[in-house]
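What follows is the residue order along each chain.
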Amino acid sequence: MVNDKINIRNLTSQEIECFLIKQGDKPFRKDQIIKWLWQKGVSDFNEMNNLSESLREKLSASFYIDKIKTAEKFTSKDKTIKVLFITLDNLYFEGVLIPDRDRVTACISTQVGCPLKCSFCATGKIKYIRNLTMGEIFDQVFELNKLSENKFKRKLSNIVIMGMGEPLLNYDNTIRTINLLISKDGLGISPQRITLSTAGIPQGIMDLANEKIKINLSVSLHSALDSKRNILMPVNKKYNLELLSAAIKYYYQKTEKRITYEYLLLGDINDSHEDAVALTEFTKISACKINLIEYNPTENDIYKPSKKEKVIQFEDYIKSKNLVVTIRKSKGQDIHAACGQLANKKH
Ligand code: SAH
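On a predicted model such as this, the values are computed, not experimentally measured, just so you know.

### Focus: helix H2 (residues 29-39)
Those residues of H2 that sit buried are Lys30, Gln32, Ile33, Ile34, Trp36, Leu37 and Trp38. The inward-facing, buried residues of H2 abut helix H1 (13-22), helix H3 (53-62), helix H4 (134-152) and helix H5 (171-182). Looking one or two places after H2, you find Gly41, whose phi comes out positive at around 65°.

### Here we look at the domain arrangement of the chain
In terms of domain boundaries, the chain breaks down into domain 1 (6-64) and domain 2 (69-335). Once you take the C-alpha centre of each, domain 1 and domain 2 turn out to be 35 Å apart. Counting residues at the interface gives nine residues for domain 1 and 13 residues for domain 2. Together domain 1 and domain 2 conceal approximately 840 Å² of surface at their shared face, both sides included; 52% is due to carbon and sulfur atoms. On the domain 1 side of the interface with domain 2, the three residues burying the most area are Arg9, Trp38 and Gln39, jointly 64% of the side's total.

### As for the packing of aromatic side chains
Scanning the model with the defined rule gives seven aromatic pairs in all. Centroid distance Tyr295 to Tyr303: 6.3 Å. Interplanar angle 85°. Geometry classified as edge-to-face. In textbook terms, an aromatic cluster arises when at least three aromatic residues are bridged by ring pairs, as seen for Trp38, Phe138 and Phe142. Sitting over the face of the ring of Trp36, Lys40 holds its NZ or CZ atom 4.2 Å from the ring centroid. One Lys or Arg, Lys82, reaches over the ring of Phe74 and ends 5.5 Å from the middle of that ring.

### Quick notes on the nonpolar core
The biggest cluster of nonpolar side chains holds 104 residues, and the ones touching the most others in it are Ile8, Ile33, Met48, Leu59 and Phe120. Of the residues forming this core, the biggest block, seven residues, is contributed by H4. Two domains share this core, each providing at least three of its residues, namely domain 1 (6-64) and domain 2 (69-335). With sequence-adjacent residues up to four places away left out, Phe120 is seen in contact with His222, Leu232, Met233, Leu264, Tyr295, Thr298 and Tyr303.

### Section: unusual backbone geometry
Backbone geometry at Asn90 places phi at a positive 65°, although glycine is not the residue there. You can see Asn90 is positioned in the loop between strand S4 (81-86) and strand S5 (92-99).

### Some words on the site of the ligand
In the vicinity of the ligand there are 20 residues, among which Ser197, Ser220, His222, Glu262 and Asn296 approach most closely. Glu166 places a polar side-chain atom, nitrogen or oxygen, 3.1 Å from a nitrogen atom of the ligand. Within the side chain of Glu262, an N or O atom sits 2.8 Å from an oxygen atom of the ligand. Burial of the ligand by the surrounding chains reaches 96%, relative to a free accessible area of 530 Å². Breaking the shell around the ligand down by element, the ones donating at least two residues are strand S10 (194-198), strand S12 (259-265) and strand S13 (288-294). Partitioned by chemical class, the residues of the shell around the ligand number eight nonpolar, nine polar and three charged.

Cut-offs and rules
- Residues numbered from 1 in each chain as written.
- Predicted model: local features only at pLDDT ≥ 70, side-chain atom pairs only at ≥ 80, totals over all residues.
- Heavy atoms only, no water.
- Buried < 20%, exposed > 50% of the residue type's maximum accessible area, 1.4 Å probe, protein only.
- Helix = DSSP H or I, 4+ residues; strand = E, 2+ residues; numbered from the N terminus.
- Contact = heavy atoms within 4.5 Å.
- Domains from an automatic or database assignment.
- Buried area = accessible area lost by both parts, 1.4 Å probe.
- Phe/Tyr/Trp six-rings, centres within 6.5 Å; stacked < 30°, edge-to-face > 60°.
- Lys NZ or Arg CZ within 6 Å of the ring centre and 35° of its normal.
- Core = buried A, V, L, I, M, F, W, Y, C linked by side-chain atoms within 4.5 Å.
- Near = heavy atom within 4 Å.
- Polar contact = N/O pair within 3.5 Å; in protein donor to acceptor, adjacent residues only side chain to side chain.
- Areas by Shrake-Rupley, 256 points an atom, 1.4 Å probe, with all protein chains shown as cover.
- Nonpolar A, V, L, I, M, F, W, Y, C, P; charged D, E, K, R; others polar.

Structure follows, in structure tokens:
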């Protein structure tokens, strides 16, 4: 709340309609207001120029719009653009626009900071502040889409929820945003072009399985051995591999959608033959794809990327088990926009 006003983008359309009826205004104005909020992306009620001045005043007196602003942009040699956004209450967070030959992907955040503190991730090193609202998550896509049209002359083709934060710990706002993004009132993006990445929150994975939206699920695994995963990802102490595996099985039974596993290769940490065996055993539970990720250095950390020959051996072993495996190319490293490097220096 800002000065006792209510965030209008947290309201449902029925709630906006109720407000209008109470004020003696026509209920159909709701559709105009919703268009201004989500399709035109205004930050001020005064911009809603097809509403009467008195209605605009009434709206301003009761509500505020939690529109984010762009604070700074950084462009990489490979054309990846990192955008530093700022919220109405002056918190900074990041979104990334990643052009490729046949696509433009927006990587968006769901929290300011992250409470999970994975030991290899830069976001975990800054203070966790709060969940982003639905409006703030949506705005990143809206703004990155505008930027994509401007710079690359095409709309966004894909959205990955892999920026700062753990989306399944901000479940409702993330799901409401996805629903809006795929609806015609929002951007009309196909759910097949949206990927949500989680560090492994079993209840969230099961809830997602029960939703009607069929987006892609990516699980950040990084080790299939509890003893190692506990150190790399402290969340594993709360939700171990057995619980994670049960949730993934449930998800797969419900959706029949292939799971993607992200596996960061850390030199001499999780790149041995034993690690590869554990990974292929774990991933047997459903159809899947394994994405091996090159480690992106973060500040003051203890890890190093795996050696080339280790990467090849690891990949070959997975292939020998007839699993689909890819090696993710890293983008935007020079501007700290690559995976796990999102940690703005403003906090
Ligand atoms: N919390 C979610 C989404 C954010 S992290 C999750 O954990 O999936 C997005 C991806 O970047 C995850 O797979 C994460 O493990 C990976 N990542 C984190 N730090 C990294 C680093 N230093 N180098 C490469 N990838 C990293």
